[in-house]
Every structure is written in structure tokens, then in C-alpha cells.
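For reference, the chains in residue letters:
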Amino acid sequence: MSQSELFRNAVARHALTDGTFECALPGVKLIRCSAPTMPMPVIYEPTVCFVAQGRKRASLGASIFHYDPASYLVASVGLPVVGTVVEATREHPYLSLQLDLNSPELTELALRHPRQAGKGGLSAGLTLNEMTAGLLDAATRLVTLLDTPDDIEALGPLAVREVFYRLLSGPGGGVIHAVTQSDSRHGQIARAIIWIRAHFKEVFRIDEVAKIAGMSRSTFHDHFKAVTAMSPLEFRNQLRMQEARRLMVGDGLDAASAGYQVGYDSPSQFSRDYSRLFGAAPAKDASRFRLAAK
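Computed from a predicted model, the values in this text were never measured in an experiment.

Strand order in the open sheet formed by six strands is β1-β2-β9-β4-β7-β10, and the pairing between neighbours is antiparallel. Because the sheet does not close on itself, it has two edges, and the strands there are β1 (19–22) and β10 (126–130). Each adjacent strand pair in this sheet contributes to an overall mean axis angle of 20°, direction not counted. Where β1 lies against strand β2 (residues 28–33), four bridges are found, and the strand directions are antiparallel. When the bridges of β2 are listed, E22 appears paired with K29. The strands touched by helix α1 (residues 3–14) within the sheet are β2, β4 (47–53) and β9 (94–100), with β4 carrying the most contacts at an inclination of about 100°. Its contacts with the sheet place helix α4 (residues 152–169) against β4, β7 (71–75) and β9, and it is angled at close to 90° to β9.

Below, the structure written as C-alpha cells:
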């Protein structure tokens, strides 16, 4: 049996129904989906996603990423992404493992194994990398620990540490290192992103956020767009639209109330911005989502 089959079977054994599951392994989630899904706006926290079976698409601004068992996706900062499972059936469901990158162990490993800075400026906040044999082997050992729960306390942290090391030393290692460096340009943009996510309902000036990042306005704007594929105001609007959709679908608010809750004074402007992002008017889009959830 190939390593990819071992990985797929291990994830399948512990994700028996559709959904996203926390598990006993530190920082690990397992995901199963038995059919293609509608585009779903979500916040990708700093994480790495390994696909065991199926295929998924992630959209960040105008950038689109397709990933499958031959690749892995890294989100190095918290980003508003539209995710869609594009290849999945009941017989061959989409299966994946997500690993949290907000980890002291990852920071400690990055300090022990420094990487020479690459050329070409800032890395994007969402990157796609080719899966390597060593990384797949480490990810398989990690998830198969779920077969022996008594071993997890002793071996789980070691297995996670090996995956981190393979990520740091692999082709996408520069991005993984960037996650751990709060004083880097990447870390400065990450600070600004955290602030915007906490204040997205408010009116703010770009100069204010640039100061939080420790950059001039022009430098901040350029670096922010390099990492997030959108301007700071576009980023804020993505967050507003995602929250508005949640309020309409999950809490039953009407469009005008949802728009007001996320910072809009003008219902018509909210409707225009919402339609531009999601391709349908707020009420129609929310109704479509409610039907899909049944």
C-alpha cells in the first residue's frame, strides 16, 4: 500500500461522517465532505491543510488556489477566504487534515533551524506547495496515532514537531518561518490584520493601521496587498460581508439590519458591496444558503 493510501485510510478511519472534527492530537482537525459544496466564506487562521482525498478550491481576492493530495495549502496569516470542495462523492469523500501553525513549538524549531531569507520580497499569505515524500510520511504517522490513543500524550507532540520540521525545511519553508517572526515585514502585516479583524465594523483611517504595522502609508499599502491580495479596505469589506452573511443565515437578520450591524449606514451601499462579492443580493444569497444547509 502506498504512503498516500495509508494517509487517506487513516484520515477516513477517524472522520466517519461529514464535518470538521477536533481530535486528541494537538492542533489537529480532520475534515470530511461527501459532495461538492457551495462557495463558503471562512477565515483561514494560520494553518496548513493536507488533502488526503478529493480536491478543494480557495479564493483570496482575485487569486485562486486548487489543492489536492499532491499539494498542501499554507495560510500564514488570518485571511478571509472563499473555500469550495470541488471533488467529492459519497464513495470517495473529500478528506483532509488541518494543523494549527500558532504554536510555540513551531517558533522554537524555527529559531533552532534558521532559514536564509529568500529573494523577491514578501510571500503571499496563502501559498500552495508541492507535497514531499518526507512530509507525507510525517503527516501519516501523526494521524495514525489516533489508532493508539494511549500513545498520543507521549508521541503526539513529537509527531507534530516532525511535521513542523518537514514544513520548515521543505520548499515552502520560507513562509512557515515567516509565521514565527513577529518583527519581520510579514509579522508587521500580521499585526495589522489582527487589528482590522477586531475593528472591521468601525470606520478607520489607513494611516492609523499603518502606524500599528510600523510602516509608512504607502509601504503598508503595498506590503498588505502583497500578503493578502487585496487592499486594507477591501480586506475590511470582506470581513464585513462574511459577518453579514452569518447574521442573515445563522441569526435570521434581514439585510438592512445585518448591514447596519457590520458598519453600514446605507442599505443600498451594503447591497451593492454584498452583490459585488457574492454575486447575488443579500436576501437572495442568504435564502440560497439556508436551502443548501437543509
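Attention now moves to helix α8 (residues 217–228). Given a rise of 1.5 Å per residue, 12 residues ought to cover 16 Å, and the 16 Å separating the end C-alpha atoms of α8 matches this to within 8%. By the burial criterion, the buried members of α8 are F220, F224, V227 and T228. All buried residues of α8 lie within an arc of 75° about the axis, which places them on one face of the element. On its buried face, α8 sits against β5 (55–60), β8 (79–87), β10, α6 (185–199), α7 (206–213) and α9 (232–250). Just beyond α8, the residue with positive phi is A229, at close to 65°.

What follows deals with the sheet that holds strand β6 (residues 63–67). One open sheet accounts for four strands, arranged β3-β8-β5-β6; its pairing is antiparallel. Looking at which strands have only one partner, the edges of the open sheet turn out to be β3 (40–44) and β6. The mean angle between the axes of side-by-side strands here comes to 35°, regardless of whether they run parallel or antiparallel. With five bridges joining them, β5 and β6 adopt antiparallel strand pairing. Note on β6: the bridge partner recorded for K56 is Y67.

Definitions and cut-offs
- Residues numbered from 1 in each chain as written.
- Predicted model: local features only at pLDDT ≥ 70, side-chain atom pairs only at ≥ 80, totals over all residues.
- Heavy atoms only, no water.
- Pairing = 2+ DSSP bridges.
- Helix = DSSP H or I, 4+ residues; strand = E, 2+ residues; numbered from the N terminus.
- Axes fitted to C-alpha atoms, helices over the stretch in contact; angles between N-to-C directions.
- Contact = heavy atoms within 4.5 Å.
- Expected span 1.5 Å × (residues − 1).
- Buried < 20%, exposed > 50% of the residue type's maximum accessible area, 1.4 Å probe, protein only.
- Arc of directions from axis to C-beta.

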